[in-house]
Amino acid sequence: MLGANSSSLTPRYFILNGIPGLESTHIWISLPFCFMYIIALMGNCGLIYLISHEEALHRPMYYFLALLSLTDVTGCTSFVPNMLCIFWFNLKEIYFNACLVQMFFIHMLTGMESGVLMLMALDRYVAICYPLRYSTILTNTVIIKVGLATFTRSVLLMIPFTLLIKRLPYCRGNLIHHTYCDHMSVAKLSCGNIKINTIYGLIAAILIGGFDMFCISISYTMIIRAVVNLSSADAQHKAFSTCTSHICAIVITYVPAFFNFFTHRFGGCTIPHHVHIFIANLYLLLPPTLNPIVYGVKTKQIREGMIKLFSREKDIFSMR
């Protein structure tokens with residue numbers, strides 16, 4: 001096997017094949033992905049800068065949004081530059097350990113994003129159901145603690161992925177039909193028993209995605225009950241409008257995530273492989289691209305903060 005260590009059956013490197021069957025159109029395919037990545041970088045970095053500099057946005061809701069933006073921009077950066085190198089320069093080789101690192105960060109950061117969305121749902125629950133105690137419940141100390149707990153959960157649950165991949169023997173070649181190192185794509189190259197990998201993948205998905213979706217569902221059930229009990233239709237609309245951006249972010253994140261998860265394990269031959277890879281890339285790139293746009297359009301405080309920031313920068317520039 002090319003690049004393999006025959007004594008351990010561990011490849012020295014893998015070859016990421018991009019989107020198989022569409023190699024001739026890689027350049028054209030790369031353009032929308034590159035554009036989305038630029039939008040994601042600008043949008044998320046802009047949100048982080050805005051939240052850190054605008055005192056009016058120094059509130060729990062926006063701290064969680066900044067954490068989501070940081071997770072998004074780090075997550076897409078963990079695979080998009082490498083994917084563009086495959087499409088533009090045909091640089092398909094990735095060392096075994098580098099592949100494990102990429103796989104760990106991609107899965108850890110997607111788990112982190114799910115956790116942050118769950119924390120944002122709890123934030124909306126406290127804001128709507130306990131408005132008078134909002135600032136005393138969600139203090140800066142509590143926000144730091146729950147953020148660290150979410151990060152720790154993602155790290156601890158994703159470490160076994162790298163260990164399970166490292167223990168496998170690889171004798172089915174080193175060609176990965178993908179644009180990045182995904183756990184199951186790498187595991188399927190092994191000639192060993194990958195049943196444990198499959199089972200643990202399901203367990204991790206349930207402990208992260210399943211648990212987070214359960215918490216989000218409970219939070220919104222309580223929110224709907226509280227909103228329905230409000231006295232006026234105007235108050236109901238105002239209360240629920242604070243949740244619309246978050247609901248959009250949930251849909252943008254979880255719909256392609258679940259599609260990617262189930263097609264990887266149960267799609268078999270029914271879904272063309274290039275379609276699955278497109279969805280897998282959109283699953284990682286769509287939320288970082290659209291989340292800043294959704295929050296920028298639908299959140300009045302962010303729009304006002306952006307106007308203030310641009311006005312301030314314009315005044316400083318005109319004084320020079």
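This structure is a prediction, so every number in the text was calculated from the model and none was measured.

Rules of the game
- Residues numbered from 1 in each chain as written.
- Predicted model: local features only at pLDDT ≥ 70, side-chain atom pairs only at ≥ 80, totals over all residues.
- Heavy atoms only, no water.
- UniProt positions renumbered as here; feature names shortened; annotations may be inferred.
- Helix = DSSP H or I, 4+ residues; strand = E, 2+ residues; numbered from the N terminus.
- Pairing = 2+ DSSP bridges.
- Contact = heavy atoms within 4.5 Å.
- Axes fitted to C-alpha atoms, helices over the stretch in contact; angles between N-to-C directions.
- 1 Å grid on protein atoms, 1.4 Å probe; cavity = no way out; pocket = protein on both sides within 12 Å on 5 of 7 lines; lining within 4 Å.
- Points joined across faces, edges and corners; volume = space filled by probe spheres on them.
- Nonpolar A, V, L, I, M, F, W, Y, C, P; charged D, E, K, R; others polar.

Draft legend 1. Inspection of the UniProt feature "transmembrane region" (unreviewed entry) in the protein at higher detail. Mapped onto this numbering, the UniProt entry annotates "transmembrane region" (unreviewed entry) at residues 27–50, 62–89, 95–122, 142–165, 199–227, 239–262 and 274–297. For the annotated span residues 27–50, helix accounts for 100% and strand for 0% of the residues, and the straight-line distance between the end C-alpha atoms is 34 Å. Between the first and last C-alpha atoms of residues 95–122 the distance is 41 Å; the span itself is 96% helix and 4% strand.

Draft legend 2. Molecular detail of the sheet that holds strand β3 (residues 13–16). Reading across from one edge, β4-β3-β5 is the order of the 3 strands in this open sheet, with mixed pairing throughout. The sheet terminates laterally at β4 (93–95) and β5 (175–176), the two strands that pair on one side only. Inspection of the sheet shows β3 paired to β5 by 2 bridges, in the parallel sense. For L16, the partnering residue across the bridge sits in β5 and is I176. Of the strands in this sheet, β3, β4 and β5 touch helix α4 (residues 96–129), which is tilted by about 85° from β4.

Draft legend 3. Expanded view of empty space enclosed by the protein. Counted under the stated rule, the structure contains 1 cavity of 30 Å³ or more. Here the largest cavity is characterised by a volume of approximately 40 Å³. Considering the residues around the largest cavity, the lining is formed by M61, M120, D123, R124, T242, S245, H246 and Y295. Of all the elements in the fold, those that place two or more residues in the lining of the largest cavity are α4 and α10 (244–267). In terms of residue count, the dominant contributor to the lining of the largest cavity is α4 (3 residues). Split into classes, the residues belonging to the lining of the largest cavity amount to 3 nonpolar, 3 polar and 2 charged.

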